[in-house]
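# Report on the structure
Take a look at the letters that make up each chain.
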Amino acid sequence: MSKTYLIDGTLYKYLTSSGSIKHTQYYFRPLPRQSKTADLKLNRDKVLSRCYEIPILYNQHTAEITNNSIQLSLF
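These lines cover the structure that appears in this document, whether it is placed above or below. (Residues numbered from 1 in each chain as written. Predicted model: local features only at pLDDT ≥ 70, side-chain atom pairs only at ≥ 80, totals over all residues. Heavy atoms only, no water.)

Let's shift gears to the pattern of salt bridges. Scanning the entire structure with this criterion turns up three salt bridges. With its nearest N and O atoms 2.8 Å apart, the salt bridge here joins Asp39 to Arg29. Within this pair, whereas Asp39 is found in the loop between β3 (24-30) and β4 (40-43), its partner Arg29 is found in strand β3, the two being separated by 10 residues in sequence. Since its relative accessible area comes to 42%, Asp39 is described here as partly exposed. (Salt bridge = Lys/Arg side-chain N within 4 Å of Asp/Glu carboxyl O. Helix = DSSP H or I, 4+ residues; strand = E, 2+ residues; numbered from the N terminus. Buried < 20%, exposed > 50% of the residue type's maximum accessible area, 1.4 Å probe, protein only.)

A word on the side chain of Thr24. Positionally, Thr24 belongs in strand β3. Thr24 gets classed as buried once you look at its relative accessible area, which sits at 11%. At 2.7 Å, the side chain of Thr24 forms a polar contact with the backbone oxygen of Ser20. At 3.3 Å, the side chain of Thr24 and the backbone oxygen of Ile21 are in polar contact. What Thr24 contacts, discounting residues up to four positions off in sequence, is Ser17, Ser18, Leu42, Asn43 and Arg44. (Polar contact = N/O pair within 3.5 Å; in protein donor to acceptor, adjacent residues only side chain to side chain. Contact = heavy atoms within 4.5 Å.)

This part takes up the pairing of strand β2 (residues 10-19). Pairing analysis gives four bridges linking strand β1 (residues 4-7) to β2, with the strands arranged antiparallel. Considered in β2, the bridge of Leu6 is made with Leu11. Hairpin remark: β1 followed by β2, antiparallel, with two residues in the connecting loop; positive phi at Asp8, about 50°. The sheet contact formed by β2 and β3 spans seven bridges and is antiparallel. The residue of β3 that forms the bridge with Lys13 is Arg29. Adjacent in sequence and paired antiparallel, β2 and β3 are bridged by four residues. (Pairing = 2+ DSSP bridges.)

Turning next to the sheet that holds β1. With antiparallel pairing, five strands are arranged side by side in an open sheet as β4-β3-β2-β1-β5. Edge positions in the open sheet fall to β4 and β5 (51-53), since each of these has one partner strand only. Adjacent strand axes in the sheet meet at a mean angle of 45° when their direction is disregarded. (Axes fitted to C-alpha atoms, helices over the stretch in contact; angles between N-to-C directions.)

So, on to the packing of aromatic side chains. Throughout the structure, instances matching the rule amount to two aromatic pairs. Ring geometry for Tyr5 and Phe28: centres 5.7 Å apart, planes at 75°, overall edge-to-face. Residue Tyr5 is located in strand β1, and its partner Phe28 is located in strand β3; the two are separated by 23 residues in the primary sequence. We classify Tyr5 as buried; its relative accessible area is 17%. Ring centres of Tyr14 and Phe28 lie 5.8 Å apart, and the angle between their planes is 70°; this geometry places the pair in the edge-to-face category. Taken together, the residues span a long stretch of sequence, with Tyr14 in strand β2 and Phe28 in strand β3 at a distance of 14 residues. Grouped by ring-pair contacts, the aromatic residues Tyr5, Tyr14 and Phe28 constitute a single cluster. (Phe/Tyr/Trp six-rings, centres within 6.5 Å; stacked < 30°, edge-to-face > 60°.)

And the structure:
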């Protein structure tokens, strides 16, 4: 499970990072029911200035799979 971050008023979960140590790119995906739907790619400087961890939502992105549907739970 990934941590939850608040970036420009939208909740995102951390996906992965790539690149070199000096030029790292971080990838985030918005949580369901957010106003933005596209993945976000930020460099190290933008992450340090615009990204805030939301510790209360850590490890709460669960999915329950049944025969007919998938239900996501945030809280």
